[in-house]
Amino acid sequence: MDIGITVFSGAYGLAPPALGRAVEERGFESLFFPEHTHIPVDTTRADGRPARGYAETYDPFVALSAVAAVTTRLTIGTGVCLVTQRDPIVLAKEVACLDRLSGGRFLFGVGAGWNRLELANHGTDPRTRMALLADRVQAMRAIWTADEAECHGPFVDFEPIWSWPKPVRLLHPPVLVGGNGPGAEDRVIAVGDGWIPQCGPLADVEELNRRAASLRRRAADAGRGPVPVTLFGTPPDRALLDAFAAAGVDRCLLPLRPGPEHEILGQLDKWAPLATAA
């Protein structure tokens, strides 16, 4: 099982290029950046945690481009990109450019978003965000794989277009569908190449084991290959990581808190044995 890092990277603490080098040098497999385009002042989280800090995050494609430029082996990814807040034609080009500039090291984690006020500011109806996510991903797949792409879905509709560059890989970067809700696996089967649930909402390791096994059976029944699972926000605990590996998780992302350089590097040093022993 691979061990990576996820962090809300912003204009405080260690800058993305330095962070990327530090993560790669310590043997971690990957670095994932979440995103929020903004945070409405009236935002309240269901768990009571403050949301103000999310407003300070870098755009993930800009930050990951900076990371890609100073690393050679590190897998980079969005965890997750809020597709429901982005134009799919522009986003398809951003993904393809980042994939090419990184030498095919990009994983495209996608999600529909939880902040209803944030979604509404983008003109997105929160009630239809899951269907919108699926339609935009399908539109991007068409752009990545066809020289003359067109899409006629319920939310995205365009006649044949040209759009280059295409991604490095034969089809496109793997699309990892985020979410823990009851419909998450349905969306993975419909539009995804992998699943990226969050560790926190899971009841226990056994829940993930059951759901991952069911997802892979469904994929096999549909004639598809293996569906990798990336677990977001896994605590840095060796026994827990081993349990998730036994449950079929392919990658665990340890949640790094933003902070001063010495704190970030110290935390990465502390966690490095988890990566090298995985």
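The coordinates are above.
Rules of the game
- Residue numbers restart at each chain and count upward from 1, following the sequence in its written direction.
- Only residues with pLDDT of at least 70 are given local features in this predicted model, and only at 80 or more are side-chain atom pairs given and counted; all residues enter the totals for whole chains, interfaces and linings.
- Side-chain numbers here rest on the full set of heavy atoms in the structure, without hydrogens or water.
- As used here, the term nonpolar core means buried Ala, Val, Leu, Ile, Met, Phe, Trp, Tyr and Cys residues forming a set that is joined through side-chain atoms within 4.5 Å.
- Only protein chains enter the calculation, and the probe is 1.4 Å; a residue is then buried if its accessible area is under 20% of its type maximum, exposed if over 50%, and partly exposed in between.
- Each helix is a run of DSSP H or I of at least 4 residues and each strand a run of E of at least 2, with the numbering of both proceeding from the N terminus.
- Every residue pair with non-hydrogen atoms within 4.5 Å of one another is taken to be in contact.
- DSSP bridges decide pairing: two strands pair if at least two such bridges lie between them.
- Salt bridges are defined as contacts in which a side-chain nitrogen from Lys or Arg sits within 4 Å of a carboxyl oxygen from Asp or Glu.
- Side-chain rings of Phe, Tyr and Trp, where Trp is taken by its six-membered ring, are said to pair if the distance between their centres is within 6.5 Å; with planes under 30 degrees apart they count as stacked, over 60 as edge-to-face, and otherwise as tilted.
- Helix axes use the C-alpha atoms of the stretch in contact, all axes being lines fitted to C-alpha atoms, and the angles between their N-to-C directions lie in the range 0 to 180 degrees.
- For this classification, under 35 degrees means roughly parallel, over 145 means roughly antiparallel, 65 to 115 means roughly perpendicular, and everything else is oblique.
- Classification used: nonpolar for Ala, Val, Leu, Ile, Met, Phe, Trp, Tyr, Cys and Pro, charged for Asp, Glu, Lys and Arg, polar for all others including Gly.
- Positive charge is attributed to Lys and Arg, negative charge to Asp and Glu, and no charge count is given to His or to the chain ends.

Novice: Teacher, can you tell me more about the nonpolar core here?
Specialist: Ile5, Leu19, Phe28, Leu31, Phe108 and Leu268 are the most contacted members of the largest nonpolar core, which has 66 residues in total. Considering every element that reaches this core, the biggest residue donor is helix 5 (residues 129–145), with seven residues. Setting aside its immediate chain neighbours within four residues, Phe108 contacts Phe61, Thr78, Cys81, Val83, Leu91, Val95, Met140, Trp144, Pro174, Val175 and Leu176.

Novice: Explain the pairing of strand 10 (residues 251–255) here, please?
Specialist: For a regular strand, side chains alternate in direction, first toward one face of the sheet and then toward the other. Burial analysis of strand 10 places four of its five residues in the buried class, the great majority of the element. Pairing of strand 1 (residues 2–6) with strand 10 involves five bridges; the strand directions are parallel. Paired with Asp2 across the two strands is Arg251, which belongs to strand 10. The sheet contact formed by strand 9 (residues 230–232) and strand 10 spans three bridges and is parallel. From the neighbouring strand, Thr230 faces strand 10, where its bridge partner is Arg251.

Novice: Honestly, the pattern of salt bridges in this entry has me stumped. Any pointers?
Specialist: Should their charged atoms come close, side chains of opposite charge can pair. In this structure the tally under the stated criterion is 15 salt bridges. Between Arg251 and Glu29 there is a salt bridge, with the nearest N and O atoms lying 2.9 Å from each other. One end of the pair, Arg251, is in strand 10; the other, Glu29, is in the loop between helix 1 (16–25) and strand 2 (30–33), with 222 residues separating them in the sequence. A salt bridge links Arg211 to Glu207; the nearest nitrogen and oxygen atoms lie 3.2 Å apart. Of this pair, Arg211 and Glu207 both sit in helix 7 (residues 205–221), four residues apart, which is roughly one turn of that helix. A relative accessible area of 15% places Arg211 in the buried class. With relative accessibility at 15%, the residue Glu207 sits in the buried group. Residues participating in the shared-partner salt-bridge network are Glu35, Asp59, Arg86 and Glu94.

Novice: Honestly, the packing of aromatic side chains in this entry has me stumped. Any pointers?
Specialist: Any two aromatic rings considered together are summarised by their centre-to-centre distance and by the angle between their planes. Scanning the entire structure with this criterion turns up five aromatic pairs. With a centroid separation of 6.4 Å and an interplanar angle of 70°, the aromatic rings of Tyr54 and Trp114 are classed as edge-to-face. Here Trp114 lies in the loop between strand 4 (106–111) and helix 4 (116–121) and Tyr54 lies in the loop between strand 2 and helix 2 (60–70), a separation of 60 residues in the sequence. For Tyr54, a relative accessible area of 13% corresponds to the buried category. Measuring from ring centre to ring centre gives 6.0 Å for Phe106 and Phe108, while their planes differ by 35°; the resulting arrangement is tilted. The burial state of Phe106 is the same as that of Phe108; both residues are buried. An aromatic cluster of three or more residues is present, and its members are Phe61, Phe106, Phe108 and Trp144.

Novice: Could you clarify how one ought to interpret the packing of helix 2 against helix 3 (residues 88–101) in this entry?
Specialist: The description of two helices packed together rests on the angle between their axes and the distance between the axes. At a closest axis distance of 10 Å, the pairing of helix 2 and helix 3 adopts a crossing angle of 10°. As judged from the angle between their axes, helix 2 and helix 3 are roughly parallel. Residues Phe61, Leu64 and Ser65 of helix 2 pack against Leu91, Glu94, Val95 and Leu98 of helix 3. When the residues that make up the contact of helix 2 with helix 3 are grouped by side-chain class, the tally is five nonpolar, one polar and one charged.

Novice: Just checking my understanding: could you explain the side chain of Arg129 for this structure?
Specialist: With respect to the element layout, Arg129 can be found in helix 5. Asp125 provides the closest opposite charge to the buried, salt-bridge-free Arg129, at an N-O distance of 7.5 Å. Contact partners of Arg129, with chain neighbours within four places excluded, come to Thr84, Ala112, Gly113, Arg116, Leu119 and Thr124.

Novice: Is there a simple way to think about the environment of Asp99 in this case?
Specialist: Position of Asp99 among the secondary structure elements: in helix 3. The buried category is assigned to Asp99, whose relative accessible area is 0%. Spatially, the C-alpha atom of Asp99 lies 18 Å from that of Gln138, the residues being 39 residues apart in sequence. Here Asp99 is in contact with Gly104, Arg105, Phe106, Pro167, Val168, Arg169 and Pro173, once residues within four sequence places are set aside.

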